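Fold and geometry: a report
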Amino acid sequence: MPTDYQEVNFDGLIGPTHNYAGLSAGNIASLSNAGGTSKPKAAALQGLAKMKTLMDLGLKQAILPPQQRPDLTFLRNIGFTGNNAQLLAQAHDADPTLLAAAWSASSMWAANAATVSPSPDTKDHKVHLTPANLVSNLHRSREHPTTTAALRMIFKDPTHFTVHDPLPRQARFADEGAANHVRFAASHDQPGVELFVYGVDIHDPANAARNYPSRQTRAACQALARTHQLDPTRVVFARQHPDAIDAGVFHNDVIATGNENVFMYHEQAFATSRSLLTDLASPLGQPLITIEAQDSDFSLQDAVTSYLFNSQIVTLPNGSMALIAPLEATENTRVKTFIDKTIADPSNPINTVHYLDVRESMRNGGGPACLRLRVPLSNNELAAVHQGVIMTNDLLTKLTDFVTRTYPDEITQSDLLDPTLAQSCIDALDELTQILDLPNLYPFQQ
Ligand code: SUG
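Residues numbered from 1 in each chain as written. Predicted model: local features only at pLDDT ≥ 70, side-chain atom pairs only at ≥ 80, totals over all residues. Heavy atoms only, no water.

Taking strand neighbours across the sheet as the criterion, the three strands line up as 9-10-11 in an open arrangement whose pairing is mixed. The sheet is open, and its two borders are formed by strand 9 (256-259) and strand 11 (289-293), each paired with just one other strand. The average angle at which neighbouring strand axes cross in this sheet is 10 degrees, direction not considered. Docked against the sheet, helix 10 (residues 273-284) engages strand 10 (262-266) and strand 11, running at close to 165 degrees with respect to strand 10. (Pairing = 2+ DSSP bridges. Helix = DSSP H or I, 4+ residues; strand = E, 2+ residues; numbered from the N terminus. Axes fitted to C-alpha atoms, helices over the stretch in contact; angles between N-to-C directions. Contact = heavy atoms within 4.5 Å.)

Structure (structure tokens):
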């Protein structure tokens, strides 16, 4: 099925400071693995292996760089002082979660980097990208400046791309990026219908989640639809079910996903599932192919532990679709049965499943789909992207060597006090910007 249009997956390269600090309320994996020993080298190699799997399936793959961590400027901004050893020790003594926030490698979850509207959907026919402000969590709220800088270097050509400023950095506009956004279309090159999912609406505070924070606001979704110049008749806003958030569904991509005309979700994902399907299908001009998991198939808890809905659904060059699922999905018999049934069912185009080991990321609540930002691009647009981040076998070899040489094998929470580790992580990033040809990306290079 040759086409001059494709979805390109930009995966976050897992950074050398990947660690388990329990920083994300409402993210059960993050909380339950807090204080564990992480394996940054293995983590990054798992991420690269995932990219290779997608390339080997004939798909276009690209990469987003990690952030400058530890973020010592942040620690100085909040009043810690001295040489780097003293700075880290002071932060730890005041509040270990502040120290951990400075070290977090959370930018690996590229689905939270930005929201993307491709050119068939926008009034000016440009690709619009808005970096997410991620204000709901301290450690993530530090990502947007470098994310914005990186996206502006990668999507530099103004004839094809607009990289907006992040939305106002305030709770009312809390935005977590593409993790709460699904685009449907008859095929990637056709005008789409964009679904924006939120957990909070200040004008409708009833029925909010009670146990865990809701991260995405309706106001943020509406602002994105406006700035991206979307046709209002082809935009749908839906609210997450509060019970889902309270079961650990901190982003919609933990409970629902879609690709082209396929929509896979759990029946308890949304506050209004039934009308949602009609709302999406009518502007699309054709019914969606729905794959609904009912509570009798498996529970919200099963969805959260297995991360099935954080699979990527990808369109293969032959037009069929594949599910790129986390290995954890095989460990729950109810979920595995559901996958087997879905693959065997001729009424949907998903014919194959690939189970990937991204366990290091999964232990912080990030599955295959969290690790990537989808950017549907025409061949012309793809040619205008900064080519240093487009994955090739040569770049994969270079990055594998780079990670193997420069990343620590393990990090425990006490390692976050080590100024030598801090320096070696930052030195590694200097080399990375040469490999990706992104000079002066990081604050320490300016
Ligand atoms: O924001 N975990 C991330 C996981 C993000 C997953 N992304 C998507 N679902 N798209 C988060 O909660 C944990 C960090 C720690 O605890 O060390 C963390 O930030």
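After presenting the structure, the write-up continues.
A word on unusual backbone geometry. Residue Pro70 is reached from Arg69 by a cis peptide bond, and omega for that bond is 0 degrees. By the secondary structure assignment, Pro70 is in the loop between strand 2 (60-64) and helix 3 (72-77). Backbone geometry places Leu134, a non-glycine residue, at a positive phi of 50 degrees. Considering the arrangement of structural elements, one finds Leu134 in the loop between strand 4 (127-131) and helix 6 (138-141). Given the relative accessible area of 1%, Leu134 is considered buried. Phi is positive for Asp437, which is not a glycine, with a value near 55 degrees. One can find Asp437 in the segment after helix 16 (419-435). (Buried < 20%, exposed > 50% of the residue type's maximum accessible area, 1.4 Å probe, protein only.)

Formed by 96 residues in total, the largest nonpolar core has its most connected members in Phe10, Phe155, Leu195, Phe263 and Leu399. Counting 19 residues, the second largest nonpolar core, distinct from the first, contains Ala21, Phe74, Ala102 and Ala422. (Core = buried A, V, L, I, M, F, W, Y, C linked by side-chain atoms within 4.5 Å.)

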